[in-house]
Amino acid sequence: MMGYNFAYLDEQTKRMIRRALLKAVAIPGHQVPFGSREMPLPYGWGTGGIQVTASVLGQQDVLKVIDQGADDTTNAVSIRRFFARTAGVRTTTHTAAATVIQTRHRIPETKLRDDQIIVYQVPQPEPLFRLEPSRVETRRMHGLADYGLMHVKLYEDIARYGQISISYDYPVMVNGRYLMSPSPIPSFDNPKMDRMPALQLFGAGREKRIYAIPPWTEVRSLDFEDHPFRPINAPHPCGLCGATDSYLDEVVTDDHGGRLFVCSDTDHCAERRAAGHVGTDGVKEAAE
Amino acid sequence: MSGDLSPGFADPVTEAQACFRAVLDAMARPGRLHTLGGVTPPPPLGVASAAVLLTLVDHETPLWLDDGLRAAQPWLAFHCGAAVVADPRAAAYAVATDLGELGRFHPGTHEMPETAATLILQVAGFGSGRRLRLSGPGLRAPASFAVAGLPDDFIAQWHANRTQFPCGVDLILCAGDQLAALPRSVTIEEG
C-alpha cells in the first residue's frame with residue numbers, strides 16, 4: 001500500500017463523496033451530483049462504482065466484485081485486484097461472505113442481507129436521457145415528478161410491438177417519488193431491488209452522479225394495469241447446474257446452431273454444482 | 001488557548017471510515033443506534049457529534065453552531081477547517097444543543113434537494129423520554145424510538161419538514177457517544 005492513501009482516494013475526496021452518499025440515502029432515487037475524480041482506469045469501466053466503494057470500504061470489509069454476474073471477467077478481476085492492492089482488504093467470490101459487493105449490470109441470485117452493501121456501476125444515471133437530451137430539463141422534470149414522457153414511451157412500445165420492449169435498464173419508481181435508472185441490469189433483476197434488506201448505492205463516474213436506495217424501500221418497475229411488468233428470461237434451465245430460477249447467459253457452442261444456456265451468476269452456479277445439482281450439459285461434461 | 005486543544009482522531013483514515021459507516025447505516029435505517037468514540041472534544045460538544053463533524057465537515061462545508069456550542073469553535077476550526085457562519089440558512093452542516101426552529105435551516109430546492117442542511121442535534125439520551133413511531137424508507141415495519149430532550153413541538157416541526165419532501169433538513173441525533181439519524185424521508189408520529 002506504499003504511495004497510496006487507504007483505498008486510493010485522498011481523504012478530502014472521500015469526505016465529499018461520503019456527504020453525497022448521505023444525501024442520496026436521505027432522498028431515495030434522487031441523483032446527487034459529485035466531484036467525480038479521474039481514476040486509474042477509463043470511464044465506462046466502473047469509475048463511479050469504484051469511487052463509491054473506495055469511500056465506503058474499511059479494513060474489516062470483505063469485497064466481492066462481479067461483472068455481468070461473473071467473478072472471473074476482466075473488469076471484475078481488475079477492480080478486485082485494485083482494492084486488494086490499494087486497501088489491502090480481503091476479497092471473495094462468495095456472495096454470502098461479502099460485506100460490500102460492487103457490481104456491473106447484475107444483482108446476485110443469492111438474497112442479500114441487511115449487513116451487506118451493494119454498489120452498482122452506472123453508465124447513464126438519467127432514466128429520461130433518451131427522451132429529453134437537456135439536463136436542465138430533466139432536472140426540472142424530476143423536481144416536478146413529471147414522468148409523463150416515460151409513460152408515453154412505454155405506451156408507444158405497446159402500440160408498436162404489443163409489449164414493452166425494454167429488457168435491461170428498465171425504469172423504476174423509488175419510494176413512489178423518483179424515476180430512477182436501475183443501471184443496465186436485466187429487467188429480470190428489477191424485482192430483487194424492491195424492499196431489498198441491503199443498502200443499494202449507485203455511482204456514475206463520467207456523469208458525476210450518485211444515488212441510493214435505502215433498505216426495505218419500495219422499488220416499482222413502471223407498467224400499466226393491462227400490461228403488467230414481466231421480467232424476461234430465457235425459457236431454459238441452466239445447462240450446468242439445472243437451475244430454473246436464475247438469469248441465463250446464452251453461449252454459442254458451435255457453428256451448427258448449438259446453444260448452451262448457463263447461469264450468469266457464476267458463484268450461484270458453482271455453489272449449486274458443489275451441492276450436487278447437475279444440468280443436462282453438466283452430465284455430458286462429467287461423462288467425457 | 002491553542003495549547004489547550006485536545007486531539008482529533010488518532011488514526012484519521014480508519015476512524016473517519018468507521019464513523020462514516022455508522023452514520024451511513026444510521027441514515028439508511030432511521031432510529032438505529034450506533035456508538036462512536038476516539039475523540040475527547042471540548043464540552044459541551046459530545047463525542048458522537050465531534051466524530052461526525054471530523055468525518056464529514058471541512059473547508060467546503062459552511063458550519064453553523066448554536067450559542068451553546070461557541071466554546072467548541074476553536075477546536076472545530078483547528079480540526080475541521082470549516083468556515084463557521086452566523087446565518088443558519090447558509091450552513092451545510094449545523095450543530096445545536098437546542099432544536100429551536102427547524103425551518104431556519106436551508107431545506108434545499110425541488111431541483112437540488114441535496115443542498116439541504118444536515119443538523120446534528122445533541123439530545124439528552126436514547127431509550128427513554130419521548131416515544132416516537134418511525135416509518136418510511138429504511139424501515140421494514142414501523143419502529144418505536146425513544147429520545148429524551150426533544151422539544152414538545154418536535155413532531156409538528158418534523159411534520160412540516162417531512163411534507164416539503166424532497167426538500168427538508170436531515171437530522172443526526174447525538175447523545176454522548178451514541179448516535180441515530182432521522183433522514184427527511186422518515187415519517188414520525190407520536191408513539
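1. Quick look at the overall build of chain A
Now for step 1: Secondary structure assignment for chain A yields eight helices and twelve strands.
Now for step 2: The C-alpha radius of gyration of chain A comes to 20 Å, within 12% of the 19 Å expected for a compact globule of 288 residues.
Now for step 3: By principal-axis analysis of the C-alpha atoms, chain A measures approximately 60 × 60 × 35 Å.

2. Comments concerning the overall build of chain B
Now for step 1: A tally of helices and strands in chain B yields four helices and nine strands.
Now for step 2: Listing each helix as α and each strand as β along chain B from the N terminus yields α-β-α-β-α-β-β-β-β-α-β-β-β.
Now for step 3: Relative to the globule expectation of 16 Å for 191 residues, the C-alpha radius of gyration of chain B, 16 Å, shows essentially globular dimensions.
Now for step 4: Projected onto its principal axes, the C-alpha coordinates of chain B cover approximately 50 × 30 × 30 Å.

3. Brief notes about the environment of Val262 of chain A
All names here are of chain A.
Now for step 1: Turning to its location among the elements, Val262 is positioned in strand β12 (residues 259-263).
Now for step 2: Separated by 186 residues in the primary sequence, Val262 and Ala76 place their C-alpha atoms 19 Å from one another.
Now for step 3: For Val262, the residues in contact, after removing those within four places along its chain, are Cys238, Gly239, Leu240, Leu248, Asp249, Val251 and Cys269.

4. Observations concerning the pairing of strand β4 (residues 100-104) of chain A
Look at any regular strand and the pattern is simple: side chains alternate between the two faces of the sheet.
All names here are of chain A.
Now for step 1: Burial analysis of β4 places five of its five residues in the buried class, which makes it a mostly covered element.
Now for step 2: In β4, alternate side chains face the same way, and those of Val100, Gln102 and Arg104 on one face and Ile101 and Thr103 on the other are all buried.
Now for step 3: Taken together, the five bridges between strand β2 (residues 62-67) and β4 define a ladder with parallel strand orientation. Of the residues in β4, the one forming a bridge with Leu63 is Val100.

5. Focus: the sheet that holds strand β9 (residues 209-213) of chain A
Residues and elements named next belong to chain A.
Now for step 1: Read from one edge of the open sheet, seven strands run β1-β9-β8-β5-β4-β2-β3, paired in mixed fashion. One side of each edge strand has no neighbouring strand; the edge strands of this open sheet are β1 (32-33) and β3 (90-91).
Now for step 2: Taken together, the two bridges between β2 and β3 define a ladder with parallel strand orientation. Across the sheet, Val62 pairs through a bridge with Arg90, a residue of β3.
Now for step 3: Where helix α2 (residues 47-56) meets the sheet, its contacts fall on β4, β5 (117-121), β8 (199-204) and β9, and the angle it forms with β5 comes to roughly 155°.

6. Some points on the confidence of the model for chain B
Now for step 1: Overall, the prediction assigns chain B a mean pLDDT of 95, with 98% of residues at 70 or greater.
Now for step 2: Both confidence scores are given for the complex: pTM 0.95, ipTM 0.97.

7. Points about helix α3 (residues 74-86) of chain A
Three- or four-residue spacings in an α-helix give side chains the same orientation, since the helix completes a turn every 3.6 residues.
Residues and elements named next belong to chain A.
Now for step 1: Taking 1.5 Å of rise per residue, the 13 residues of α3 would be expected to cover 18 Å, and the 18 Å separating its terminal C-alpha atoms lies within 8% of that figure.
Now for step 2: Listed in full, the buried residues belonging to α3 are Asn75, Ala76, Ile79, Arg80, Phe82, Phe83 and Thr86. In a view along the axis of α3, the buried residues occupy a sector of 155°, so they form one face of it. Looking at α3, the residues exposed on the side facing more than 90 degrees away from the buried face are Thr74, Arg81 and Arg85.

8. Focus on unusual backbone geometry
Now for step 1: With an omega dihedral of 5°, the bond running from Pro43 of chain B to Pro44 of chain B counts as a cis peptide bond.
Now for step 2: Looking along the chain, the bond that leaves Phe165 of chain B and enters Pro166 of chain B is cis, with omega of 10°.
Now for step 3: By the secondary structure assignment, Pro166 of chain B is in the loop between α4 (154-163) and β7 (170-175).
Now for step 4: Positive phi values are uncommon outside glycine, yet Asp169 of chain A reaches one of about 55°.

9. Brief notes about the sheet that holds β7 of chain B
Residue and element names in this part refer to chain B.
Now for step 1: Spatial ordering of the open sheet is given by β1-β8-β7-β4-β3-β2, a layout of six strands whose pairing is mixed. Each end of this open sheet is capped by a strand with a single partner; those strands are β1 (34-35) and β2 (63-65).
Now for step 2: Bridge count between β1 and strand β8 (residues 178-182): two bridges; the pairing is antiparallel. Opposite His34, over in β8, you have Leu179 as the bridge partner.
Now for step 3: Sitting on the sheet, helix α2 (residues 47-56) is in contact with β3 (93-96), β4 (118-122), β7 and β8, with an inclination near 135° to β7.

10. Section: the interface of chain A and chain B
Now for step 1: Listed per partner, the contact involves 29 residues of chain A and 29 residues of chain B.
Now for step 2: When residues of the side of chain A that touches chain B are traced back to their parent elements, those giving at least two are α1 (11-26) and α4 (135-144) of chain A.
Now for step 3: Here the side of chain A that touches chain B gets eleven residues from one element, more than from any other, and that element is α1 of chain A.
Now for step 4: In the side of chain A that touches chain B, the residues fall into 13 nonpolar, eight polar and eight charged.

11. A short note on the confidence of the model for chain A
Low-confidence regions, as indicated by low pLDDT, have predicted coordinates that should not be scrutinised in detail.
Now for step 1: Taken residue by residue, chain A gives an average pLDDT of 94. The fraction at 70 or more is 97%.
Now for step 2: This stretch, residues 284-288 of chain A, has a pLDDT under 50; its non-local contacts, to residues over four places away or in other chains, come to zero contacts.

12. Regarding the nonpolar core
Now for step 1: Leu21 of chain A together with Val23, Val52, Ala94, Leu173 and Leu179 of chain B are the most contacted members of the largest nonpolar core, which has 121 residues in total.
Now for step 2: With ten residues, helix α1 (residues 12-28) of chain B is the largest single contributor of residues to this core.
Now for step 3: Once residues lying within four places of it in the same chain are set aside, the contact partners of Val52 of chain B are Cys19, Val23, Ile120, Ile172, Cys174 and Leu179 of chain B.

13. Topic: the packing of α1 of chain A against α1 of chain B
A packed helix pair is summarised by two numbers, namely the angle formed by the two axes and the spacing between the axes.
Now for step 1: The geometry of α1 of chain A relative to α1 of chain B is characterised by a closest axis approach of 10 Å and an angle of 10° between their N-to-C directions. As judged from the angle between their axes, α1 of chain A and α1 of chain B are roughly parallel. Only Pro12, Val13, Ala16, Phe20, Val23, Leu24, Met27 and Ala28 of chain B of α1 of chain B make contact with α1 of chain A, whose side of the interface consists of Glu11, Arg18, Leu21, Leu22, Val25 and Ala26 of chain A.
Now for step 2: When its residues are assigned to classes, the contact of α1 of chain A with α1 of chain B shows twelve nonpolar, no polar and two charged.

14. Description of α1 of chain A
Now for step 1: A rise of 1.5 Å per residue sets the reference length of α1 of chain A, with its 16 residues, at 22 Å; its end C-alpha atoms lie 23 Å apart and thus fit the reference within 8%.
Now for step 2: Burial within α1 of chain A is extensive, with 13 of its 16 residues counted as buried.

What counts and what doesn't
Residues numbered from 1 in each chain as written. Chains lettered and ligands numbered in written order. Predicted model: local features only at pLDDT ≥ 70, side-chain atom pairs only at ≥ 80, totals over all residues. Helix = DSSP H or I, 4+ residues; strand = E, 2+ residues; numbered from the N terminus. Rg over C-alpha atoms; globule rule 2.2 N^0.38 Å. Contact = placed C-beta atoms within 7 Å. Buried ≥ 20, exposed ≤ 12 C-beta atoms within 10 Å, placed from the backbone. Pairing = 2+ DSSP bridges. Axes fitted to C-alpha atoms, helices over the stretch in contact; angles between N-to-C directions. pLDDT = per-residue confidence, 0-100. Expected span 1.5 Å × (residues − 1). Arc of directions from axis to C-beta. Nonpolar A, V, L, I, M, F, W, Y, C, P; charged D, E, K, R; others polar. Core = buried A, V, L, I, M, F, W, Y, C linked by C-beta atoms within 7 Å. Parallel < 35°, antiparallel > 145°, perpendicular 65-115°, else oblique.

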